[in-house]
Amino acid sequence: MPPRKRPAPPPEAPSPASKLHSEVNSKEPPPDDSSPKISAEIVKYLPATERKVYELIFAAGGKGMWTLDVRNATGMTPATATKILRSLVNKKLLKEVSDVRHRSKKIFMATEFQPSTEITGGTWYHDGRLDTESVAAARRCCLAQVQKLGVATADMIHHGIEKDEPSAGYAIDKIRDILQTMVLDKVLEEVKSTGEGEFSAIRSGRVCYRVAAASQGGMMEGIPCGVCPRIDECSPDGVISPNTCVYYKKWLQMDF
């Protein structure tokens, strides 16, 4: 008789480790819930044309859409687009936002979103207008640090402001913005460290700033009033005035 064939062994049960690995791999990554989601309940009650515009603008997020962009995307006439946008604003589904780049343009955005910084202008803008007082205060802080250090990088200036005026709360990128405006206005000059002399505390090749040389345009370029924190309280007959200001007197005595 031929020998009997042995039955095939039963398949091995997966180990707990391999089972867990399989389960983990089969799971999809969780969706990103940080951004607002469009409401299906709201959408289903909107007329077709309003729904189309609302979904279009909602998808644009914090950048919103200009009226002309809505018209181009939908093929609507100016009158129709304006009527629909106004209806959605009245229903509190859209809002109008000022764009600092184009004040005459009307930007529409879903109420769930906040305008992007390219629309609002960021820290230095308030209600769509440049906050000149905040900019002037930041410039005074930066200039004070450069005058104290002689020459400094943006990081050094930022660190000095944080130490001397912790309540200011300027982010480093905002300080860099202010420094660039000061360079353009020739209040500061941007230079690269050589690692020697006045740059000995700064690694060679790093970008740094120092007070710009006096402009040949006139003496008024370096007047201390431009960086004085009490300038708003200064008047000829006030407690703070050019007549009693020691800095102003020193400036008058300088040999230009």
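Thresholds applied
- Residues numbered from 1 in each chain as written.
- Predicted model: local features only at pLDDT ≥ 70, side-chain atom pairs only at ≥ 80, totals over all residues.
- Heavy atoms only, no water.
- UniProt positions renumbered as here; feature names shortened; annotations may be inferred.
- Helix = DSSP H or I, 4+ residues; strand = E, 2+ residues; numbered from the N terminus.
- Buried < 20%, exposed > 50% of the residue type's maximum accessible area, 1.4 Å probe, protein only.
- Contact = heavy atoms within 4.5 Å.
- Areas by Shrake-Rupley, 256 points an atom, 1.4 Å probe, with all protein chains shown as cover.
- Pairing = 2+ DSSP bridges.
- Core = buried A, V, L, I, M, F, W, Y, C linked by side-chain atoms within 4.5 Å.
- Expected span 1.5 Å × (residues − 1).

If you check an unreviewed UniProt entry, the protein appears there as DNA-directed RNA polymerase III subunit RPC6 from Eleusine coracana subsp. coracana. You can read under Subcellular location (unreviewed entry) in the UniProt record for the protein the words "Nucleus". In its Sequence similarities (unreviewed entry) section, the UniProt entry covering the protein states "Belongs to the eukaryotic RPC34/RPC39 RNA polymerase subunit family."

Q: Even after reading the chapter, I still don't get the overall build of the protein, so can you show me in this structure?
A: Counting its secondary structure elements, the protein contains 10 helices and 8 strands. Across the 256 residues that make up the protein, the buried fraction comes to 27%. Considering only residue pairs separated by 6 or more positions, the protein has 46% of its internal contacts joining residues 24 or more positions apart. When the accessible surface of the protein is summed, it comes to about 17,900 Å², and 55% of that surface belongs to carbon and sulfur atoms.

Q: Explain the pairing of strand E8 (residues 207–211) to me, please; I cannot follow it from the model alone.
A: Regular strands show a simple pattern: their side chains alternate between the two faces of the sheet. By the bridge criterion, 2 bridges tie strand E6 (residues 151–152) to E8 in an arrangement that is antiparallel. In the sheet register, Ala152 faces E8, and the bridge partner there is Tyr209.

Q: What's the story with the pairing of strand E3 (residues 107–110) in this structure? I'm lost.
A: The alternating pattern of E3 places Ile107 and Met109 and Phe108 and Ala110 on opposite faces, both of which are buried. Sheet topology note: the strand E1 (residues 65–66)/E3 ladder contains 2 bridges and is antiparallel. Within E3, the residue paired with Trp66 across the bridge is Ile107.

Q: Before we go on, may I ask you to explain the environment of Ala152 in this structure?
A: Structurally, the position occupied by Ala152 is in strand E6. The class of Ala152 is buried, set by a relative accessible area of 0%. For the pair Ala152 and Ile202, spaced 50 residues apart in the sequence, the C-alpha separation amounts to 7.7 Å. Excluding residues that lie within four positions of it along the chain, Ala152 makes contacts with Ile157, Ile202, Cys208 and Tyr209.

Q: It is not clear to me how the nonpolar core should be interpreted in this structure. Could you clarify?
A: In summary, soluble globular proteins display a tendency toward joint burial of nonpolar side chains. Formed by 23 residues in total, the largest nonpolar core has its most connected members in Val53, Tyr54, Ile57, Leu85, Leu88 and Leu94. Mapped onto this core, the elements with two or more residues apiece are helix H3 (48–59), helix H5 (78–90), strand E2 (94–97) and E3. The element best represented in this core is H5, accounting for 5 residues. The residues contacting Tyr54, other than those within four sequence positions of it, are Ile38, Ile42, Val43, Leu46, Leu88, Leu93, Leu94 and Glu112. Of all hydrophobic cores here, the second largest spans 17 residues; its members include Cys141, Leu143, Ala152 and Leu188.

Q: Help me understand the sheet that holds E2 in this model?
A: Strand pairing in a sheet relies on backbone hydrogen bonds. The paired strands run either parallel or antiparallel. If you walk across this open sheet you meet the 3 strands as E1-E3-E2, and the pairing is antiparallel. Each edge of the open sheet carries a strand with a single partner, namely E1 and E2.

Q: Any chance you could explain H5 here in plain terms?
A: Counting along an α-helix, one turn takes 3.6 residues, and residues three or four places apart therefore face a common direction. Spanning 13 residues, H5 covers 18 Å between terminal C-alpha atoms, matching the ideal 18 Å at 1.5 Å per step. Among the residues of H5, those classed as buried are Ala81, Ile84, Leu85, Ser87, Leu88 and Val89. Where H5 is buried, its residues meet H3, helix H4 (67–74), E2 and E3. Of the residues trailing H5, Lys92 is marked for its positive phi of about 65 degrees.

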